[in-house]
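Fold and geometry: a report
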Amino acid sequence: MGDATLFASYGELKVSADELSQFFDVYRLFGLPGEQLASRYEVDGKRTSLLSLGLGYDPGSWFVMGEWARSSSPSLLGESEGAYMTLGYRVAEWTPYVGVARAKVTSNTSEPGLNAALYPSPFAEGAQLLNGMLNELLSSGIQQESITVGARWDFRPGMALTAQYDHIDMRSGTSGG
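Here's a quick rundown of the structure. (Residues numbered from 1 in each chain as written. Predicted model: local features only at pLDDT ≥ 70, side-chain atom pairs only at ≥ 80, totals over all residues. Heavy atoms only, no water.)

**Points about helix 3 (residues 123-138)**
When the terminal C-alpha atoms of helix 3 are compared, their 22 Å separation across 16 residues agrees well with the 22 Å that a helix rising 1.5 Å per residue should span. Within the sequence span of helix 3, burial applies to A124, A127, L130, N131, L134 and L138. The buried residues of helix 3 all sit within an arc of 120° when viewed along its axis, so they share a single face. Set apart from the buried face of helix 3 by more than 90 degrees, the exposed residues are Q128, L129 and E136. (Helix = DSSP H or I, 4+ residues; strand = E, 2+ residues; numbered from the N terminus. Expected span 1.5 Å × (residues − 1). Buried < 20%, exposed > 50% of the residue type's maximum accessible area, 1.4 Å probe, protein only. Arc of directions from axis to C-beta.)

**Here's the deal with the side chain of K46**
Here K46 lies in the loop between helix 2 (31-41) and strand 2 (47-57). As a buried residue without a salt bridge, K46 has its nearest oppositely charged side chain in E42, at a separation of 6.3 Å. A distance of 3.2 Å separates a polar atom in the side chain of K46 from the backbone oxygen of R40. Here the side chain of K46 touches P74 through a polar contact of 3.1 Å, landing on its backbone oxygen. Discounting chain neighbours no more than four positions away, the residues touching K46 are L13, K14, V15, S39, R40, Y41, P74 and S75. (Lys, Arg positive; Asp, Glu negative; His and termini not counted. Salt bridge = Lys/Arg side-chain N within 4 Å of Asp/Glu carboxyl O. Polar contact = N/O pair within 3.5 Å; in protein donor to acceptor, adjacent residues only side chain to side chain. Contact = heavy atoms within 4.5 Å.)

**Some details on the pattern of salt bridges**
Inspection of every chain in the model, using the stated rule, returns 10 salt bridges. Ionic pairing is found between R28 and D25, a salt bridge with its closest N-O pair at 3.2 Å. With R28 and D25 both in helix 1 (residues 18-28) and 3 residues apart, the pair spans about one turn of that helix. When its relative accessible area of 25% is taken as the criterion, R28 is described as partly exposed. For D25, a relative accessible area of 42% corresponds to the partly exposed category. Its salt-bridge partner being R28, residue E42 comes within 2.8 Å of it at the nearest N-O pair. Of this pair, E42 sits in the loop between helix 2 and strand 2 while R28 sits in helix 1, and the two are 14 residues apart along the sequence. Within the structure, one salt-bridge network assembled from shared partners comprises D25, R28, E35 and E42.

Here it is in structure tokens:
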């Protein structure tokens, strides 16, 4: 629409992970509480939805673009969202730009899990181990913010060279993305 570009997408997918199915099968060995946890967090057979909305404005000498995305799953994958915004200015064949971005998990990142006190040894220790693994998985989602500074040099038609610096701040306990 003139100098503006709008973008929207929606998709659904099913994720299958045999290793996770086996993990939740062990939870089921702990009776009804384990079955409830497995049903709540198991990934197989559950739909994950992805929604994305974007906007760009480019009148010629400068541009701004941004996008917001959200994923949602009634499973271990949970809910997360991310967004970015980039602003650039063209000077002849050079385009300096800056950007900011953020990604975060919006669902629970911890779970009390099985009450180990309800089980005799060695099942109590097994319950604690399972709970620790589940919480490690829940807390491993992307939690980060970043700032980008860069420049693009269009040195020939159809050819460009870009240099970019990214400062990424990964939140405590996450692996980033």
